[in-house]
Amino acid sequence: MKRRAKAGLIAAATAALCVAVVPLAEANTTPKPDAVPVGLAEFYGQRPEWGPCPRPPVPPRRSPDASASALPSVETTSPVVECATVRVPLDYRRPDGPRETVELSRRLASDQPNRLGVLAEVPGGPGGQGIYASEDPAYEALSARYDIIGYNPRGVGQSQPLLCEGTSVQLSGKTRFTDAQMRAYTEEFRRRDQQCERADGARRPYFTTANNARDLDIVRAVLGERQLNLMGKSYGTYVTAVYGTLFPKRLNRNVLDSAIHPQRIWREAWKQQAIAQRRTADAWMTWVAERNGIYGLGTSRSQVRATIERTRVKLEEHPIDQGDFVYDGDAFDGLVGATNEVAYWDFFAATASRLRQQVETPSDVPGDLDRALALQQEIQADPSPTSNGVWEAVNCEAEWPADLKVYYADMRYFSKHFPYGWGASAVSPRECTFGSVERVEPLVKLRRSGYPTGLVVQEEFDPQTPYEGGRAMADLLGHRLLRVPRDGYHVVHGTNACVDAAIDDYLLNGRLPKRGAECEGTPIPEVPTDGSSRVGDDDRPSLDEQTNLLSGRISRPLQAGGREPS
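So, here's what we can say about the structure.

Calculation criteria
Residues numbered from 1 in each chain as written. Predicted model: local features only at pLDDT ≥ 70, side-chain atom pairs only at ≥ 80, totals over all residues. Heavy atoms only, no water. Helix = DSSP H or I, 4+ residues; strand = E, 2+ residues; numbered from the N terminus. Buried < 20%, exposed > 50% of the residue type's maximum accessible area, 1.4 Å probe, protein only. Areas by Shrake-Rupley, 256 points an atom, 1.4 Å probe, with all protein chains shown as cover. Pairing = 2+ DSSP bridges. Core = buried A, V, L, I, M, F, W, Y, C linked by side-chain atoms within 4.5 Å. Contact = heavy atoms within 4.5 Å. Polar contact = N/O pair within 3.5 Å; in protein donor to acceptor, adjacent residues only side chain to side chain. Salt bridge = Lys/Arg side-chain N within 4 Å of Asp/Glu carboxyl O. Phe/Tyr/Trp six-rings, centres within 6.5 Å; stacked < 30°, edge-to-face > 60°. Lys NZ or Arg CZ within 6 Å of the ring centre and 35° of its normal.

Looking only at helices and strands, one finds 17 helices and 12 strands in the protein chain. Across the 566 residues in the protein chain, those meeting the buried criterion constitute 58%. Of the accessible surface of the protein chain, which amounts to about 22700 Å², a share of 51% is contributed by carbon and sulfur atoms.

Structure, rendered in structure tokens:
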């Protein structure tokens, strides 16, 4: 359904309806080495004014939904990083119409005589910030020979955000739904879609992956480069692949870290998150069953799951109310769904064991269990009256079913079979269900013809961009796949020395890992199995010690899944 024109649109958007239209086919045509696409000379010829980088009022929290780049505090701002803004057309078919802003940051290569070009990080989300990539220590080795470029895509950041009223409906989602709850949740998304339309409805149709890729080519030209080297992360892997399809002669070396499945844009991508979380939860339950003497949750995976389900029922009937948070069955499903973080399997199992004891013999919640649950229920800052609406807009570039019966059938099935992590929320209606955002062009059909073989890095237990997506992307584009087994942190660059070495070798020297190469993932805790020579748990850290350790390592809720394939 096409979005109806509304009264009260900004004057610039209204004027856009009257300007000359450049056929999208021309805008998509691969340019000759020095050609500028028709109608875009003004944008390709920009010369940015570089200066000090603006700092956010509060440094944003690190989120794998957005970017894996370390976000600097005001005190650690690097004097060698500078920032600028670039203007791009809202609608590439009407380049004389309204403009959007792309924010850039740059750290010049320290070894200029041996400089290889620019390396731009393409952030996740959709809607994630990437402007701080140029200050990320993960790029230290690469910054000798590359200018490191960070950027905030259109609608992201401080200059010209795409806004929605209110906050994301997904924050109120459940893991298992009754029919009445499904209908109520659907109406929340309907209202959210209307809120996004009221806030910035005229701009929403033009927030697409293809336009993000076209913006990147303007960034390339503005930087004075014939080619880009790209580090795509999460959603940024899809943008990178689309860029290579539209501008194959402009793309050089490219890394796809935690790749989106190229045939699952977008509803199927979210469905696969819950399926991946169930698969990882099953692996965790098998591990727990081998240690029944310590956790007491069962001696087989099926027994552990039965214990988990009984505990969940009791938490749903009698939630743990601690005043500042309430821990119920959905929260427990979230804990089980977070087991992609294999380094904390002992913490998850110890918490589940203590919860089972707590619900079977109710009493005052011990302090260490309270602190463990509070960490999982970490409350974010009060939401602002408007929020970034890029995620919702980009989702609508793909077709979504209009028939609510399709969603409800999926939600009933997932409530029963895939309830952990996002659970049935992963297959619920979304803003795109209601057809308010016009689809202005079809999805780009990905291909690789004319640019170098890239490197795909994918983790086995990643719930946000499941492993199958990386394998499918590598197969489709003929890229080399580097697998990280039994790990699922999501976005590997900067967290795994083996992966970082492989990425650096590829980007600096052009050497790809051998076929079938793997990098060892995060170690699973060394907890003795039943019947092993190590008996008991005297050497294990206490629940409080694990909570404190975990609190110091993460700055996001434990519930995994994220909004993006981020």
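Turning next to the pairing of strand E4 (residues 146–152). Of all 7 residues in E4, 7 are buried; the element is thus mostly enclosed. Alternating positions in E4 separate into two faces, Tyr 146, Ile 148, Gly 150 and Asn 152 on one and Asp 147, Ile 149 and Tyr 151 on the other, with burial throughout. When strand E2 (residues 99–107) meets E4, the two strands line up antiparallel, connected through 5 bridges. What sits directly across from Arg 106, in E4, is Ile 149.

Another point: the nonpolar core. Core analysis: the biggest nonpolar cluster contains 79 residues, and Leu 216, Ile 218, Leu 230, Tyr 238, Tyr 243, Trp 266 and Met 411 have the highest contact counts within it. Sequence-distant contacts of Tyr 238, that is, excluding residues within four places in its chain, are made with Thr 209, Ile 260, Ile 265, Trp 266, Glu 397, Leu 443, Val 444 and Leu 446. Among the nonpolar cores identified, the runner-up in size contains 40 residues, and Met 285, Tyr 327, Leu 335 and Val 342 belong to it.

This part takes up the side chain of Asp 368. Locating Asp 368 in the fold gives a position in helix H12 (residues 367–376). Of note is the side chain of Asp 368, whose polar atom sits 2.9 Å from the side chain of Arg 354. With residues up to four places along the chain from it excluded, the contact list for Asp 368 reads Arg 354, Leu 543 and Asp 544.

For Asn 395, the position within the fold is in helix H13 (residues 390–395). Judged by its relative accessible area of 1%, Asn 395 is buried. There is a polar contact of 2.7 Å between the side chain of Asn 395 and the side chain of Trp 270.

Bringing the pattern of salt bridges into the picture now. Inspection of every chain in the model, using the stated rule, returns 41 salt bridges. Linking Glu 100 and Arg 203 is a salt bridge whose minimum nitrogen-to-oxygen distance equals 2.6 Å. Placement of Glu 100 in strand E2 and of Arg 203 in the loop between helix H4 (179–200) and helix H5 (209–222) is noted, with a sequence separation of 103 residues between them. Note on accessibility: Glu 100 and Arg 203 belong to one class, buried. Residue Arg 278 is joined to Asp 282 by a salt bridge in which the shortest nitrogen-to-oxygen separation is 2.9 Å.

In the structure shown here, the tally under the stated rule is 14 aromatic pairs. On the basis of an interplanar angle of 90° and a centroid distance of 5.6 Å, the ring pair of Tyr 238 and Trp 266 is categorised as edge-to-face. Note that Tyr 238 is positioned in helix H6 (residues 235–246) and Trp 266 in the loop between strand E7 (251–257) and helix H7 (267–289), a separation of 28 residues in sequence. Here Tyr 238 and Trp 266 have matching classes, each one buried. The structure contains a cluster of three or more aromatic residues connected by ring pairs, namely Tyr 235, Tyr 238, Trp 266, Trp 270 and Trp 391. A cation over an aromatic ring shows up here: Arg 106 above the ring of Trp 50, its NZ or CZ 4.0 Å from the ring centre. Over the ring of Tyr 451 we find Arg 448; its NZ or CZ atom is 6.0 Å from the centre of that ring.

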